[in-house]
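A structural walkthrough
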Amino acid sequence: MEDSELHQAMAVLDSYTAQLEALDRHVRLLQVSLEDTNRARDSFRAMAGAEEGDEMLIPVGASSFIPARATGRKTAIVGIGNRLSVEKGLGEAADFMEASGKEISDALRETMGAIKEIEGMTEELSLAIQNEYQLRQRQTQ
């Protein structure tokens, strides 16, 4: 391996490392989003089954809840993306969150697959670079 090829391999390895870090951040964001989506879905389902006047705890995030009483109203305001919200029936809102959760799960699975692929390439390239360094050390002895 020529010096220029070794330098190029090291640059590619640095690029793989940066990609892995970015994908890891993406996974964490997807996991948080999935948890939020599932929590919303569960809340919509609980509200749909509640009778007027029933007491319940409404999740507000960070493992915190607000005690509330159910009204007769069976709708929710649901974020549909790009800072847009619409009013939906509670069942429809729960279904929307279920579908969103599946999309997030799919994206999470794809991202994890990309991580595994890049980790494999990183391991392979690291080994090639190590072997080249060892070969060079033996040649200078």
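Predicted, not measured: the structure shown is a model, and the values here were computed from it.

What counts and how
Residues numbered from 1 in each chain as written. Predicted model: local features only at pLDDT ≥ 70, side-chain atom pairs only at ≥ 80, totals over all residues. Heavy atoms only, no water. Salt bridge = Lys/Arg side-chain N within 4 Å of Asp/Glu carboxyl O. Buried < 20%, exposed > 50% of the residue type's maximum accessible area, 1.4 Å probe, protein only. Helix = DSSP H or I, 4+ residues; strand = E, 2+ residues; numbered from the N terminus. Polar contact = N/O pair within 3.5 Å; in protein donor to acceptor, adjacent residues only side chain to side chain. Contact = heavy atoms within 4.5 Å.

Another point: the pattern of salt bridges. Counting across every chain of the model gives 11 salt bridges. Asp 42 serves as the salt-bridge partner of Arg 41, at 2.9 Å between the closest nitrogen and oxygen. For Asp 42, a relative accessible area of 41% gives the class partly exposed. As a salt-bridge pair, Glu 55 and Arg 69 come within 2.9 Å of each other at their nearest N and O atoms. Separated by 14 residues along the polypeptide, Glu 55 in strand E1 (residues 55-61) and Arg 69 in strand E2 (residues 64-69) bring together distant segments of the chain. Neither Glu 55 nor Arg 69 differs from the other in exposure class; each is exposed. Bridged by salt links that share partners, the residues Arg 41, Asp 42, Arg 45 and Glu 98 form one connected network.

Moving on to the side chain of Glu 132. Among the secondary structure elements, Glu 132 is positioned in helix H2 (residues 90-140). A polar atom in the side chain of Glu 132 sits 2.9 Å from the side chain of Arg 136. Not counting chain neighbours up to four residues away, the residues in contact with Glu 132 comprise Met 1 and Leu 6.

The next thing to look at is the environment of Gly 89. As for its placement among the helices and strands, Gly 89 is situated in strand E4 (residues 84-89). Sequence separation between Gly 89 and Thr 75 is 14 residues; the distance between their C-alpha atoms is 4.2 Å. With residues near it in sequence (within four places) discarded, Gly 89 still touches Lys 74 and Thr 75.

With that settled, consider unusual backbone geometry. With a phi angle near 55°, Ala 62 is a residue other than glycine that sits in the positive phi range. Structurally, the position occupied by Ala 62 is in the loop between E1 and E2. Accessibility expressed as a relative area gives 73% for Ala 62, which makes it exposed. Non-glycine residue Asn 82 carries a positive phi angle of around 50°.

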